Amino acid sequence: MTISVNGESESYPEDGMTVSDLLRKKRYSFPLIIIRIDGVLVARARYDDTAVRDGNSVDLYHLVSGG
Amino acid sequence: MRMILAGKKVGIAGAGGLGSNCAAALVRAGVGTLVIADFDSVAESNLDRQFYFADQVGRLKVEALRDNLERIDPGVRTEIHPVRLDPESAAAIFAACDVVVEAFDSAEAKAMLIETVLGRMTGMPIIAASGLSGYGRTDSMRVLRSGRVRVVGDLESEVSVEQPPVAPRVGIAANMEANEALEILLGEDAGWRRRG
């Protein structure tokens, strides 16, 4: 499947995966991430059962302290 | 441009290094009204990067910032809220703004505000900052834009003892936030449409 992550096209051999799968593949282990799929916010508690499908546009914002 | 901006209202969540410098840039650019929230007072340790002065140590940041902004432009309108924002108060305080600027220190507070705006404030654009510690690496500062969310910074350099926030990169991020705000405020009048 091909998805867009932060505006960049990325291809994966899988037909579909969960948000948690995607984070593992991208080696994202950050404690605070904002995730949107096609503009819809994904709650932290739903990463394991929210699907990422072909054609989805995924936003991943890694939040770190400082201001 | 200044005529349009004079009629705009920008919410600033946090009046530290990001919020105080972003507010100054927006007032200088001509934004008419700022809604500023911060519970904290000016500390001597803030003077290395925040838009305050030594004789303001101990004062509420929102009051000191209002004074400083009025010294730039006596006609600027400010609404100040000396409160610690939570989802309820943030949604209420910034409801009438044209755009909200996230200017907190902690990652948890940043996440809280972004989730609040996306979850409770229909159509409200938000500009956040993530990753501005240390010095140098100017080229790593960038902007992620998607729908009504924009995030500025390098998205990785966390504040630590070895890598404290330092004036130039904090100021760069603050001014990037202000610059994105202007694009939203001015673009909307030119037919810019909100999505997402």
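Small disclaimer: the values here were computed from a predicted structure and weren't measured.

Engineer: Where do I start with the overall build of chain A in this structure?
Structural biologist: In terms of helices and strands, chain A carries one helix and seven strands. Walking chain A from its N terminus toward its C terminus, one meets helices and strands in the order β-β-β-α-β-β-β-β. By principal-axis analysis of the C-alpha atoms, chain A measures approximately 40 × 25 × 20 Å. Considering only intrachain contacts with a sequence separation of at least 6, the fraction spanning at least 24 residues in chain A is 53%.

Engineer: Would you explain the interface of chain A and chain B in this entry?
Structural biologist: Many authors give the size of an interface as the accessible area that is lost as the parts come together. Across the contact, 16 residues belong to chain A and 30 residues belong to chain B. Both sides together, the interface formed by chain A and chain B hides about 1,900 Å², and carbon and sulfur atoms give 61% of it. Here chain A is connected to chain B by one salt bridge. A salt bridge links Arg-44 of chain A to Glu-115 of chain B; its shortest N-O distance comes to 2.6 Å. On the surface where chain A and chain B come into contact, there are 14 residue pairs in polar contact (both at pLDDT 80 or more). Of all the secondary-structure elements, those providing two or more residues to the side of chain A that touches chain B are β4 (33-37) and β7 (57-62) of chain A.

Engineer: For this particular structure, what's the right way to read helix α3 (residues 61-72) of chain B?
Structural biologist: Within an α-helix, residues lying three or four positions from one another point in the same direction, as the helix has 3.6 residues per turn. The end-to-end C-alpha distance of α3 of chain B is 16 Å, a good match for the 16 Å that twelve residues give at a rise of 1.5 Å each. Along its buried surface, α3 of chain B packs onto α2 (17-29), β2 (33-37) and β3 (77-81) of chain B.

Engineer: It is not clear to me how the pattern of salt bridges should be interpreted in this structure. Could you clarify?
Structural biologist: Residue and element names in this part refer to chain B. For the coordinates displayed, the defined rule picks out 19 salt bridges over all chains. Among the ionic pairs, Glu-88 bridges to Arg-120, the shortest N-O distance being 3.1 Å. Of this pair, Glu-88 sits in helix α4 (residues 87-93) while Arg-120 sits in helix α5 (residues 107-120); the two residues are 32 residues apart in sequence, bridging distant segments of the chain. Taking the relative accessible area as the measure of exposure, Glu-88 reaches 48% and is therefore partly exposed.

Engineer: Looking at this model, I keep getting lost on the nonpolar core. Mind explaining?
Structural biologist: Note that soluble globular proteins tend to have their nonpolar side chains buried in a common cluster. Residue and element names in this part refer to chain B. Ranked by internal contacts, the top residues of the largest apolar core, which has 40 residues, are Val-10, Ile-12, Leu-26, Leu-34 and Leu-69. A per-element tally of this core places helix α6 (residues 167-189) first, with nine residues. Every residue in contact with Val-10, bar those within four places of it in the chain, is listed here: Leu-26, Val-31, Thr-33, Leu-34, Val-35, Cys-97, Val-99, Val-101 and Leu-185. Ranked by size, the runner-up nonpolar core spans 31 residues in total, among them Leu-85, Ala-107, Ala-128 and Val-149.

Analysis parameters
- Residues numbered from 1 in each chain as written.
- Chains lettered and ligands numbered in written order.
- Predicted model: local features only at pLDDT ≥ 70, side-chain atom pairs only at ≥ 80, totals over all residues.
- Heavy atoms only, no water.
- Helix = DSSP H or I, 4+ residues; strand = E, 2+ residues; numbered from the N terminus.
- Contact = heavy atoms within 4.5 Å.
- Buried area = accessible area lost by both parts, 1.4 Å probe.
- Salt bridge = Lys/Arg side-chain N within 4 Å of Asp/Glu carboxyl O.
- Polar contact = N/O pair within 3.5 Å; in protein donor to acceptor, adjacent residues only side chain to side chain.
- Expected span 1.5 Å × (residues − 1).
- Buried < 20%, exposed > 50% of the residue type's maximum accessible area, 1.4 Å probe, protein only.
- Core = buried A, V, L, I, M, F, W, Y, C linked by side-chain atoms within 4.5 Å.

From the geometry alone we can't say anything about function, so treat these as descriptive.
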